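# What the coordinates show
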Amino acid sequence: MTTRNRSCILAAMLGVACGLAVFTFLYARGPSYLFDDPRTCTNCHVMRAEFDSWNRSSHKGGATCNACHTPHNPAGKYAVKALNGWNHSVAFTTGRFPDPITIKSLNRTVAADNCHRCHEIMVSRMLASYSRKEVDCARCHGSVGHPERN
């Protein structure tokens, strides 16, 4: 096989892989994840209860999903979105995800940091007594914005 033939085969394979990636991104409504519309979370049926609960909660008036679940700097926000997007696409493609969906350690830390940031005045005395890692808001307030899970 000549170098030219190898190059053509490699280019064709790369083209097919890129085409498949673009198709998958568009089919999965990927562009919607680049913005802050909470309805995006309902692209996955397992998030419907979380969206409905948030839609009736006190947080609806001041916090979108991204306000709680992504860092507030652009690099961190899109890094977490990319990581979660990859993890979600693998989980939903393979069917390997818990139902009800559960939060992972990184995302729990991001959410807790955002709780502390938004409610800093209210919790400042408590945070002064403990390290931030010891204060897990979701342990007592896990159903704020989301349904109670048993």
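Just above sits the structure.
These numbers come from a predicted model, not from an experiment. (Residues numbered from 1 in each chain as written. Predicted model: local features only at pLDDT ≥ 70, side-chain atom pairs only at ≥ 80, totals over all residues. Heavy atoms only, no water.)

## Comments concerning the packing of aromatic side chains
Stated formally: Centre distance within 6.5 Å is the pairing criterion for rings of Phe, Tyr and Trp, where only the six-membered ring of Trp is used; planes under 30 degrees apart are then read as stacked, over 60 as edge-to-face, and the remainder as tilted. Under the scheme used here, helices are H or I runs from DSSP no shorter than 4 residues and strands are E runs no shorter than 2 residues, and both carry numbers assigned from the N terminus.
Counted by the stated rule, this structure contains two aromatic pairs. Here the aromatic rings of F23 and Y27 are separated by 5.8 Å at their centres, their planes lie at 20 degrees, and the arrangement is stacked. Separated by four residues within a single helix, F23 and Y27 lie in helix α1 (residues 3-27), roughly one turn from each other. Measuring from centroid to centroid gives 5.7 Å for F51 and W54, while their planes differ by 40 degrees, and the two rings are tilted.

## Some details on a nonpolar patch on the surface
Rules: Note on patches: the residues involved have over 30% relative accessible area and no salt bridge, like charges join within 9 Å, and the nonpolar side chains Val, Leu, Ile, Met, Phe, Trp and Tyr join within 5 Å. Calculation of accessible area relied on Shrake-Rupley with a 1.4 Å probe; when residues are assessed, cover is drawn exclusively from the protein chains displayed. Any Lys or Arg side-chain nitrogen located within 4 Å of an Asp or Glu carboxyl oxygen qualifies as a salt bridge. For the exposure calls, accessible area comes from a 1.4 Å probe over protein chains only, and a residue counts as buried if that area is under 20% of its type's maximum, exposed if over 50%, partly exposed in between.
Taken together, the side chains of V22, F25, L26, L34, F35 and Y78 define a hydrophobic patch exposed on the protein surface, amounting to about 610 Å² of accessible area. With three residues, the single largest contributor to the nonpolar patch is α1. You can see F35 is positioned in the loop between α1 and α2 (48-55). By relative accessible area, F35 is classed as exposed at 56%.

## Topic: the environment of G145
For clarity, the threshold we go by: For this analysis, residues touch if any pair of their heavy atoms sits within 4.5 Å.
Looking at where G145 falls in the secondary structure, it is placed in the segment after α7 (137-141). With a relative accessible area of 7%, G145 lands in the buried category. Taking the C-alpha atoms as reference points, G145 and E50, 95 residues apart in sequence, are found 7.3 Å from one another. For G145, the residues in contact, after removing those within four places along its chain, are E50, S53, W54 and S57.

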